[in-house]
Amino acid sequence: MSHTKLPDNLDSLWLDCHLATMSGPERYGAIKDGALAVKDGRIVWVGPESYLPAGSIERAKETHHLGGAWVTPGLIDCHTHLVYAGSRACEFEMRLMGATYEEIARAGGGIVSTVKAVRAASPDQLYAESAPRLKAMQREGVTTLEIKSGYGLDTANEIKMLKIARRLGIDFPVTVYPTFLGAHALPPEFQGRPDAYVDLLVEEMLPAVASQKLALAVDAFCERIGFSFGQTERILAAAEAHGLKIKLHAEQLSDQKGAQLAARFKALSADHLEYLSQEGVEALAAAGTVAVLLPGAFYFLGETRKPPVEALREAGVPLALATDCNPGSSPTTSPLLMMNMACVLFGLTPAESLAGFTINAARALGLHDRIGILQQGKMADLAVWDINEPAELAYRMGGNPCRLLVKEGAALNI
Ligand code: DI6
Ligand code: FE
């Protein structure tokens with residue numbers, strides 16, 4: 001609650017609503033019958049409407065009466081591969097007939113088949129295929145999302161992907177956080193020569209991406225079908241040398257001690273984590289690294305081994321959630337469905353699932369001083385929902401109660 005004076009004039013005032021601020025010790029940081037004031041794209045006052053200083057309405061350029069809707073921070077999807085071309089529906093059929101994700105990858109399908117589609121696509125085509133996915137996310141309340149490269153796997157095509165991610169962030173009222181994932185899979189032309197690919201990545205691709213400021217973070221797929229511990233270590237060291245942040249696909253299909261490696265590099269996040277060990281949990285806790293859980297990939301690949309949620313909670317590791325939007329393991333654009341899956345499949349509470357797409361997702365991007373919470377001084381990125389209680393967001397399987405999106409104070413038509 002703010003006790004400070006309001007500025008002389010306000011850009012907008014949001015009334016007759018309930019707020020899930022996500023701040024403070026309460027589960028949702030809920031304020032029933034709340035109000036929120038915005039100036040220059042930032043929240044300048046938040047609290048119970050009855051505490052609003054006299055004369056506020058007169059000082060506001062716009063007043064929005066929300067009729068009892070709930071307001072949350074705009075959702076943050078902190079792990080996506082949203083820029084890609086084509087589909088992998090055939091692979092889905094193959095898996096349903098008994099092939100595993102790893103078998104398909106080893107036979108030259110999987111990620112590499114999307115690499116072929118992305119390399120063949122013109123920038124405009126890639127943009128045209130990706131933009132509808134971004135719009136779908138916005139319709140479900142997303143105001144910030146991370147987008148990874150990783151389907152180019154050579155310098156020119158990785159740069160092509162990152163430039164599309166940047167263009168989406170310019171054309172749409174959403175903040176795009178770009179991540180370089182050159183170490184997503186071994187490109188076909190390097191078959192049998194993974195170390196030579198890591199040389200190229202460290203000596204050419206990463207310096208090119210860094211010098212053009214196309215990424216803020218570096219990620220890698222540390223896995224039997226991805227990159228080994230030693231190869232990942234080289235890539236993360238190079239990322240650190242370029243001053244980039246670090247994220248890691250870790251312990252998705254097996255325990256490679258990726259979490260310990262991520263922790264050693266003070267990574268923003270370690271993601272997936274189904275096979276995370278207790279040692280890995282403790283390493284993440286000590287480093288302050290966020291655990292990003294991706295229930296869509298767990299569900300879609302029919303996995304049975306769950307991430308150690310209780311151990312992560314006990315160790316105080318912040319839990320974030322994301323869609324992992326990608327054509328192979330999580331073809332979804334629905335954060336709300338991920339919240340439902342996180343509760344049903346992983347045992348998160350609805351409040352934890354909303355924190356996973358707000359405050360803890362902001363932490364997973366290092367943006368928690370700006371977004372993910374309704375608090376004075378934070379960006380006025382809001383989602384307005386036609387629900388009676390915040391648990392309804394995680395409760396439904398499908399359907400979309402998002403009424404309105406507000407980006408830096410501006411109400412958007414979505
Ligand atoms: N793990 C995943 O689940 C995605 N990437 C990764 O490293 C899958 C990406 C794909 O199959 O296209
Ligand atoms: Fe991923």
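Coordinates for the structure precede this section.
Figured I'd write up the structure that's included with this text. (Residues numbered from 1 in each chain as written. Chains lettered and ligands numbered in written order. Predicted model: local features only at pLDDT ≥ 70, side-chain atom pairs only at ≥ 80, totals over all residues. Heavy atoms only, no water.)

1. Some words on the overall build of the protein chain
For the protein chain, the helix and strand inventory stands at 16 helices and 15 strands. Compactness check: the protein chain gives a C-alpha radius of gyration of 21 Å against a globular reference of 22 Å for 414 residues, within 12% of the reference. The principal-axis extents of the C-alpha atoms in the protein chain amount to approximately 70 × 40 × 40 Å. Going through the 414 residues of the protein chain one by one, you find that 61% of them count as buried. For the protein chain, long-range pairs separated by at least 24 residues make up 72% of all intrachain contacts whose partners lie at least 6 apart in sequence. For the protein chain, the exposed surface amounts to about 15800 Å²; the carbon and sulfur share of it is 52%. (Helix = DSSP H or I, 4+ residues; strand = E, 2+ residues; numbered from the N terminus. Rg over C-alpha atoms; globule rule 2.2 N^0.38 Å. Buried < 20%, exposed > 50% of the residue type's maximum accessible area, 1.4 Å probe, protein only. Contact = heavy atoms within 4.5 Å. Areas by Shrake-Rupley, 256 points an atom, 1.4 Å probe, with all protein chains shown as cover.)

2. Details of the coordination of the iron ion (ligand 2)
Put simply, a metal with four donors set out as a tetrahedron has ideal angles of 109.5 degrees, and one with six donors set out as an octahedron has ideal angles of 90 or 180 degrees. Every protein donor of the iron ion (ligand 2) is accounted for by H79 (NE2), H81 (NE2), H249 (NE2) and D324 (OD), and the metal-donor separations fall at 2.1 to 2.3 Å. Taken together, the four donor atoms surrounding the iron ion (ligand 2) define angles of 82 to 168 degrees at the centre, an arrangement classified as irregular. Read N to C, the donor residues that coordinate the iron ion (ligand 2) are spaced as H-x1-H-x167-H-x74-D. Here H81 is found in the loop between β5 (75-77) and α2 (89-96), whereas its partner D324 is found in the loop between β12 (319-321) and α13 (335-346), with 243 residues between them in sequence. Like D324, H81 is buried. (Donors = N, O, S within 2.8 Å, 3.2 Å for Na, K, Ca; no water. Tetrahedral: all angles 85-135°; square planar, octahedral: opposite > 155°, others 65-115°.)

3. A few points about empty space enclosed by the protein
Across all of its chains, the model carries two cavities of 30 Å³ or more by this definition. Here the largest cavity defines a volume of roughly 100 Å³. Lining the largest cavity we find 14 residues, and of these H81, Y101, H184, N326 and S329 sit closest to its centre. Residues belonging to the lining of the largest cavity are distributed by class as follows: four nonpolar, eight polar and two charged. Empty space within the second largest cavity amounts to approximately 50 Å³. Around the second largest cavity sit P73, G74, I76, T143, T144, I371, G372, I373, L374, M379 and D381, which together line it. The residue inventory of the lining of the second largest cavity, partitioned by class, reads six nonpolar, four polar and one charged. (1 Å grid on protein atoms, 1.4 Å probe; cavity = no way out; pocket = protein on both sides within 12 Å on 5 of 7 lines; lining within 4 Å. Points joined across faces, edges and corners; volume = space filled by probe spheres on them. Nonpolar A, V, L, I, M, F, W, Y, C, P; charged D, E, K, R; others polar.)

4. Details of the layout of surface pockets
A water-sized probe, rolled over the atoms, reveals where empty space remains. Taken as a whole, the largest pocket spans an internal volume of roughly 420 Å³. Lining the largest pocket we find 22 residues, and of these A105, A185, L186, Q191 and I225 sit closest to its centre. Those elements that place two or more of their residues in the lining of the largest pocket are α3 (101-106) and α4 (111-120). Of the residues assigned to the lining of the largest pocket, the class counts are 11 nonpolar, eight polar and three charged. The computed volume of the second largest pocket comes to approximately 240 Å³.

5. Notes on the sheet that holds β5
Strand order across the open sheet formed by eight strands is β5-β6-β7-β8-β9-β10-β11-β12, with parallel pairing between neighbours. Sheet topology places β5 and β12 at the edges, where each strand pairs with a single neighbour. Averaged over neighbouring strand pairs, the angle between their axes works out to 25 degrees when direction is ignored. Note: strand β11 (residues 290-293) against β12, three bridges, orientation parallel. Counterpart to A291 in the pairing with β12 is L319. (Pairing = 2+ DSSP bridges. Axes fitted to C-alpha atoms, helices over the stretch in contact; angles between N-to-C directions.)

6. Observations regarding the packing of helix α5 (residues 123-139) against helix α6 (residues 155-171)
At a minimum axis separation of 10 Å, α5 and α6 run at an interaxial angle of 50 degrees. If you check the angle between α5 and α6, you find them oblique. Viewed along their axes, α5 and α6 form a crossing whose handedness is right-handed. Taken together, the residues of α6 that come into contact with α5 (itself represented by P123, D124, L126, Y127, S130, A131 and L134) are K160, M161, I164, R167, L168 and D171. Its residues assigned to classes, the contact of α5 with α6 shows eight nonpolar, one polar and four charged. (Parallel < 35°, antiparallel > 145°, perpendicular 65-115°, else oblique. Left-handed = near helix turned anticlockwise from the far one by under 90°.)

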